[in-house]
Amino acid sequence: IVRLLDRLSKAGEILTEVGIETGKGVKVPDVSWCSDEYSAAHVGDEYSLTSAPEICVEVLSDSNSDAEVDEKRFLYFALGASEVWMCDMLGEMKFYLTPTTLAPQSKMFPGFPTKV
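Calculation rules
- Residues numbered from 1 in each chain as written.
- Predicted model: local features only at pLDDT ≥ 70, side-chain atom pairs only at ≥ 80, totals over all residues.
- Heavy atoms only, no water.
- Helix = DSSP H or I, 4+ residues; strand = E, 2+ residues; numbered from the N terminus.
- Contact = heavy atoms within 4.5 Å.
- Pairing = 2+ DSSP bridges.
- Phe/Tyr/Trp six-rings, centres within 6.5 Å; stacked < 30°, edge-to-face > 60°.
- Buried < 20%, exposed > 50% of the residue type's maximum accessible area, 1.4 Å probe, protein only.
- Lys NZ or Arg CZ within 6 Å of the ring centre and 35° of its normal.

### Brief notes about the side chain of Ser-32
By the secondary structure assignment, Ser-32 is in strand E4 (residues 31-34). In this structure, Ser-32 is in contact with Glu-13, Ile-14, Leu-15, Val-18, Pro-53, Ile-55 and Cys-56, ignoring residues within four places of it in sequence.

Dropping the structure here:
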């Protein structure tokens with residue numbers, strides 16, 4: 001996912017496992033992408049971010065419950081994420097544009113594959 005985002009991104013920054021402070025504790029998406037503007041405003045935050053990067057990606061495993069995944073998705077959007085992506089154990093991607101709205105592809109990176 002990091003490599004694909006890197007190929008498709010002309011600007012911005014890709015982050016891996018950066019903490020985001022939420023009302024339910026610190027959550028850590030596996031991968032995030034943020035714009036140069038977001039990066040300038042938040043890079044250097046000492047321990048964790050206080051708002052979500054524009055894209056937050058969760059790579060799911062057997063240990064993830066549906067409730068946990070749903071909660072993270074809602075929290076990321078509440079803190080400003082524009083998209084939340086989920087990658088299941090078969091590599092199938094889901095692109096959320098709101099906490100409950102799935103899209104067939106990413107709006108920000110329409111060339112990102114639906115299977116990785």
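### Topic: the sheet that holds strand E1 (residues 13-16)
What the six strands build is an open sheet, ordered E1-E4-E5-E6-E7-E8; its pairing is mixed. What marks the edges here is a single partner per strand, and that holds for E1 and strand E8 (102-103). Two strands pair when backbone bridges link them, and E1 and E4 are joined in this way by four bridges, in the antiparallel orientation. Bridging across to E4, Thr-16 finds its partner in Val-31.

### Considerations on the packing of aromatic side chains
Scanning the entire structure with this criterion turns up five aromatic pairs. For the ring pair Trp-85 and Phe-95, a centre distance of 5.1 Å and an interplane angle of 85° mean the geometry is edge-to-face. Within this pair, whereas Trp-85 is found in strand E6 (residues 83-87), its partner Phe-95 is found in strand E7 (residues 93-96), the two being separated by 10 residues in sequence. A single burial state applies to Trp-85 and to Phe-95, both of which are buried. For the pair Trp-85 and Phe-112, a centre-to-centre distance of 4.6 Å together with 50° between the ring planes defines the contact as tilted. Of this pair, Trp-85 sits in strand E6 while Phe-112 is found in the segment after E8, placing the two residues 27 residues apart along the sequence. Each member of the pair, Trp-85 together with Phe-112, is buried. The side chain of Arg-73 reaches across the aromatic face of Tyr-96, ending 4.1 Å from its centre.

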